[in-house]
Amino acid sequence: MTSPEDRRKFLKVGSIAAATGFVGNLLGRNANAQEPMKHSDMRHQDNMPQPIGNPASRPEIPESVEVAAEYDGFSRFKPSRGLDPDSDYYIGKLVPGFRKASDGPAPFEAPDIPVLPYKMEGGVKVFELVSMAVQQEFHPGVKMNVYGYNGSMPGPTIEVTQGDRVRIVVTNELPEDTFVHWHGFELPVQYDGAATLTQNPIKPGKTKVFEFDIHEEGTFFYHSHVAMQEAFGQVGWFIVHPKKVFGPPVDRDFGLLFQNFHIPPTHTISDSWAMDWNWHTINGKSGPYTTPLVCKHGERVRVRLLNFAPMQHHPIHLHGHTFWVTGHEGARIPKSAWVPRNNELVGVAQASSFEFIANNPGDWIFHCHMIHHMMNHMVKQVGPRIRDDASVDQYLANLSSRPQVDASLGDKFATPGYPQKMLGMEMSDDFMKAIWSRKEVRGMRANYPMSVKGLMTVLRVLPDDLYELVMNSDQPVEKGAVFAEIVRRFGDPSAYEPAPKMMM
Amino acid sequence: MASPIGRTYTSPPPVPTAPYGLDELDPSGPLFPDMRYDGSDFRAAPAPVYVDGEMISEASPVDAETHGYGLDDFLTLAAQNNPTIRQARLQISAQTAKALQAGLYPNPTLNYIGEQIGVDVEGDKDSPGEFQGMTMSQRFVTAGKLKLSREKYMRRAHVSEHLAMAQQFRVCNDVRIHFFKALAAREIVGLRKELLKTAEDGAVTARELYNQGQATRPDVRKSSIALQRARLDVLTAENHSREAFRRLVAITGVDLSEGVVSGDLMPQGEPISYQEAMSLVLTESPELAAARAKLAADRVTVRREQVEWVPDIVAEGGAGYNFDAKETVAAAGVSIQLPVFDRNQGTIRQAQLDYRRQQEEIRRTELMLGQQMANVYQQYLTALQIATEYDRVIIPEAELAYQELLESYKANRVDWPTVLDAQMEYFDSRLTRVQHLEQARTNEVLVRGYLLHGGLMAAPGPTPPGHIDAVAKPR
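Another aspect to go through is the overall build of chain A. Within chain A, the secondary structure is distributed over 8 helices and 23 strands. Per-residue burial for chain A yields a buried fraction of 56% across its 504 residues. For chain A, the proportion of contacts with a sequence separation of at least 24, taken over those separated by at least 6, is 74%. Accessible surface, chain A as shown: approximately 21100 Å² in total, 53% of it carbon and sulfur.

Below is the structure:
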């Protein structure tokens with residue numbers, strides 16, 4: 001089963017998940033895994049959806065790899081710390097993933113951003129990058145005008161290995177001069193791309209070739225070196241995998257690229273001169289249109305997070321897990337200097353690598369903790385939205401005569417400060433359809449789009465069978481079903497509360 | 001002692017109560033209707049009524065029940081009842097009566113004559129007189145004086161006809177002007193009520209913002225000021241609307257109860273050019289026609305005065321008894337005035353000068369009309385240009401801006417005060433459009449109606465000062 005297609009076909013056939021669970025149990029290698037609920041306790045709750053996947057499956061380790069379920073008191077299958085802060089395995093610090101180091105680096109995966117293909121020419125990896133104006137769909141149907149590369153904003157990911165020689169042919173399809181800077185590389189100065197200090201501009205319609213050897217490894221990026229073009233979205237990942245794969249090997253290598261824009265109401269053009277920012281994107285999408293990061297229970301996960309906001313730093317918080325900060329954009333940090341965190345402040349033009357063992361199944365929100373970044377744009381919560389029996393549709397129905405305002409503010413206004421919660425947010429059917437059309441969100445709670453806003457995405461940690469169901473099968477999955485199944489297996493089903501389904 | 005403001009929570013300032021008259025004058029109007037603010041909270045206004053999810057129109061029920069009058073109704077009423085139109089017609093009759101009188105032939109005179117009474121004659125010491133008898137005398141008018149006099153007054157009657165036509169235009173134009181003013185005033189009331197609703201929303205919004213720490217007490221007070229001003233604007237507009245209707249009714253000459261006007265403020269036809277307007281007024285103005293007719297009358301006046309010196313012949317004849325000759329005798333006489341000193345030369349000269357004066361009067365009238373037209377046309381054109389562009393561009397743009405902001409608000413992209421600003425701008429633009437349409441329509445009436453207005457001024461007679469009406473018998 002080398003491809004998702006094969007896996008999907010396989011799953012359609014039948015109960016492979018049950019079989020693997022059975023094999024896993026026979027091997028008995030998950031002795032210290034989090035104990036699932038006993039089947040006899042799982043009396044079907046009236047308000048719970050039917051069980052899905054393979055309810056009998058238990059967290060297990062593929063037989064092909066030499067890893068353990070527990071290291072020095074730290075379990076890869078249940079929330080745990082370990083026994084000794086000085087241990088290499090404290091909070092999963094050096095607990096390896098399932099992937100073998102000999103398989104090379106885990107593929108880098110930045111949801112919603114394409115990978116830039118290359119061709120080999122005389123031992124040189126040749127990339128073609130086109131600087132251009134693009135339309136980027138921040139939200140379903142909300143297409144914003146920004147600049148990017150090769151039809152994408154952020155630009156496509158350049159992925160190479162330490163020691164490669166690269167040639168990047170940059171063509172400028174913008175109607176104005178541009179420069180491209182290879183951020184972080186110690187390259188010959190004439191290829192640095194610093195506007196006019198080191199090179200002449202790439203004129204509209206013209207091409208410039210950059211060629212240099214890469215001796216670094218780590219998280220880099222390229223961007224226009226014209227300030228306003230940067231603010232307008234011209235950036236892309238430049239990932240350099242180490243020649244010698246670092247331990248411990250990770251199973252997942254995700255990339256999240258944070259950006260901010262100021263786009264006035266009713267408009268689609270970002271105001272790159274603005275000092276205030278009202279649209280926030282992760283990999284070019286704004287929550288809830290950001291694509292969740294989906295991994296399997298027990299995997300070692302790396303998330304590289306680049307803050308390319310024009311002027312705002314982002315305190316990034318992952319729920320349900322404690323992660324190690326293992327590198328910044330400059331280089332990998334020696335293990336002795338790794339820091340465990342729940343929240344990491346990532347400054348402008350900084351990248352941080354988070355590594356952790358996904359030992360806590362569920363849908364975990366992963367977000368910037370700045371209050372104003374946890375929504376798409378700030379508007380004052382006054383007007384029909386907070387008034388009883390009033391809606392904007394009444395105003396839109398007849399523009400020539402407005403409805404009478406009801407002057408009774410109501411008892412709720414006796415509380416100074418009311419309302420603080422954003423009220424009356426509306427999402428159209430088309431919007432909801434697009435949100436739910438992605439496989440990564442299948443089985444999440446029906447109201448998930450109401451909470452994931454702005455610089456927010458979700459880390460989904462799924463048991464193998466549910467991972468296969470969500471990511472690789474065509475089987476219909478009811479909203480909330482995966483979440484309920486995780487509660488059933490790892491949580492407290494008696495306290496399960498289904499989401500109101502009004503947003504479906 | 002420190003001010004408590006800002007140290008503990010203080011509730012927002014109260015909404016001001018409605019000004020005197022708002023409830024009485026317009027019971028259906030919007031105004032937090034039953035609100036009695038006691039310093040602590042709002043009283044509720046009636047919530048909008050919905051049937052099958054649709055809001056019921058808030059059109060004033062009073063308007064629906066009241067009879068609506070169109071322009072033609074008022075024109076018909078005025079034609080029948082305006083006193084100045086009748087005055088003007090009576091002036092024509094008065095002139096024809098004068099013409100009749102002026103052409104009447106002088107009556108004969110019957111004389112009794114007793115001459116030399118008591119003279120001694122043979123055989124009779126004291127005779128009854130030498131002659132006792134009766135004569136008839138008759139003045140024979142020469143040189144066609146009576147015919148000319150009649151013609152002169154008939155021509156003045158003709159002048160009166162033109163003046164009556166002018167008066168009719170004065171009345172009709174005034175009806176039209178006041179009709180459009182009343183129509184505009186009525187539309188303005190509606191728009192002022194919309195703006196009041198916006199101001200009410202502004203007052204509510206300010207208090208909502210206050211409760212979220214996003215507006216200060218002075219901000220809330222400002223919203224109260226805006227609200228009260230909007231209320232006063234509604235009262236002013238309603239008062240003005242009543243005034244306009246009453247003025248319109250006064251022109252018609254009948255007593256109409258309160259009603260509403262109905263019609264369209266937008267001009268229907270093509271706009272008129274200045275050249276067209278001027279040529280229209282110079283060729284068709286009844287005032288100018290009257291002045292020209294007056295010139296013709298003055299020409300006859302000159303001719304009439306030129307024959308005045310021609311002596312009439314007064315012939316006298318009769319019979320009596322001559323007590324001296326003791327026989328019946330006849331008597332005869334002819335008298336004629338000799339134009340030795342008075343050949344009416346002064347009056348002829350005066351009439352000729354009056355004729356010259358009237359020539360200048362025509363020119364003066366033309367120039368005066370030109371001057372008035374320059375002013376009125378300018379106002380007409382400016383108002384029409386503004387109203388047209390408000391109609392064509394500004395209001396649709398304001399409406400779209402309002403709509404787009406409403407949709408943005410719905411999509412949580414813009415806050416409500418911004419929507420309210422756009423709403424106010426949209427209603428305010430419509431208000432400006434109506435004001436300029438009123439200007440355009442009232443001035444258009446003058447441009448097309450020979451600049452005549454003042455339908456309740458007394459209808460003028462045909463003779464300006466400086467005319468010869470000093471003799472008992474009109475001549």
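Glancing now at the interface of chain B and chain A. At the junction of the two partners, chain B supplies 46 residues and chain A supplies 43 residues. Carbon and sulfur atoms supply 57% of the area buried between chain B and chain A, which totals about 4100 Å² over both sides. Area buried by chain B at its contact with chain A is led by B:K410, B:N412 and B:R413, which between them contribute 20% of it. Counting across the chain B and chain A interface gives 4 salt bridges. Linking B:K410 and A:D393 is a salt bridge whose minimum nitrogen-to-oxygen distance equals 2.9 Å. If you look at where chain B meets chain A, you find 23 residue pairs in polar contact (both at pLDDT 80 or more). Secondary-structure elements contributing two or more residues to the side of chain B that touches chain A are α5 (145–211), α9 (345–410) and α10 (416–448) of chain B. Its residues placed into classes, the side of chain B that touches chain A shows 23 nonpolar, 9 polar and 14 charged.

Let us look at a nonpolar patch on the surface. All names here are of chain B. Side chains of Y105, F140, I313, V334, I336, L338, V340 and F341 sit close together on the surface and give an oily, nonpolar patch of about 870 Å² of accessible area. Assignment of secondary structure puts F140 in strand β5 (residues 131–140). Judged by its relative accessible area of 39%, F140 falls in the partly exposed class.

What follows deals with the environment of B:R229. Residues and elements named next belong to chain B. With respect to the element layout, R229 can be found in helix α6 (residues 217–252). Look at R229 and you get exposed, because its relative accessible area is 58%. Here the alpha-carbon distance between R229 and P19, two residues 210 residues apart in the chain, equals 9.8 Å.

Residue and element names in this part refer to chain B. The interhelical angle for the contact between α5 and helix α8 (residues 286–306), taken along N-to-C directions, is 170 degrees, at an axis separation of 8 Å. Here α8 runs roughly antiparallel to α5, going by the angle between their axes. The residue makeup of the contact of α5 with α8, split by class, is 13 nonpolar, 4 polar and 10 charged.

Once that is clear, we can look at the pattern of salt bridges. If you walk through the whole model with that rule in mind, you get 43 salt bridges over all chains. The partner of A:E299 in a salt bridge is A:R252, with the nearest N and O atoms 2.7 Å apart. One end of the pair, A:E299, is in the loop between β15 (293–296) and β16 (300–307); the other, A:R252, is in strand β13 (residues 252–261), with 47 residues separating them in the sequence. Owing to a relative accessible area of 6%, A:E299 belongs among the buried residues under this scheme. Of the charged contacts in the structure, one is a salt bridge between B:R392 and B:E389, with a shortest N-O distance of 2.7 Å.

The next thing to look at is the sheet that holds β15(A). The pairing of strands in a sheet comes from backbone hydrogen bonds and takes either a parallel or an antiparallel form. Residues and elements named next belong to chain A. Taken in spatial order, the 5 strands of this open sheet run β15-β23-β22-β17-β20, and their pairing is mixed. Because the sheet does not close on itself, it has two edges, and the strands there are β15 and β20 (343–346). Averaged over all neighbouring strand pairs, the angle between strand axes comes to 20 degrees, with direction disregarded. Pairing between strand β17 (residues 314–318) and β20: 4 bridges, direction antiparallel. Among the inter-strand pairings, I316 is bridged to a residue of β20, identified as E344. Of the strands in this sheet, β22 (362–368) and β23 (456–462) touch helix α8 (residues 481–490), which is tilted by about 50 degrees from β23.

Parameters at a glance
- Residues numbered from 1 in each chain as written.
- Chains lettered and ligands numbered in written order.
- Predicted model: local features only at pLDDT ≥ 70, side-chain atom pairs only at ≥ 80, totals over all residues.
- Heavy atoms only, no water.
- Helix = DSSP H or I, 4+ residues; strand = E, 2+ residues; numbered from the N terminus.
- Buried < 20%, exposed > 50% of the residue type's maximum accessible area, 1.4 Å probe, protein only.
- Contact = heavy atoms within 4.5 Å.
- Areas by Shrake-Rupley, 256 points an atom, 1.4 Å probe, with all protein chains shown as cover.
- Buried area = accessible area lost by both parts, 1.4 Å probe.
- Salt bridge = Lys/Arg side-chain N within 4 Å of Asp/Glu carboxyl O.
- Polar contact = N/O pair within 3.5 Å; in protein donor to acceptor, adjacent residues only side chain to side chain.
- Nonpolar A, V, L, I, M, F, W, Y, C, P; charged D, E, K, R; others polar.
- Patch = residues over 30% accessible without salt bridge, like charges linked within 9 Å, V, L, I, M, F, W, Y side chains within 5 Å.
- Axes fitted to C-alpha atoms, helices over the stretch in contact; angles between N-to-C directions.
- Parallel < 35°, antiparallel > 145°, perpendicular 65-115°, else oblique.
- Pairing = 2+ DSSP bridges.

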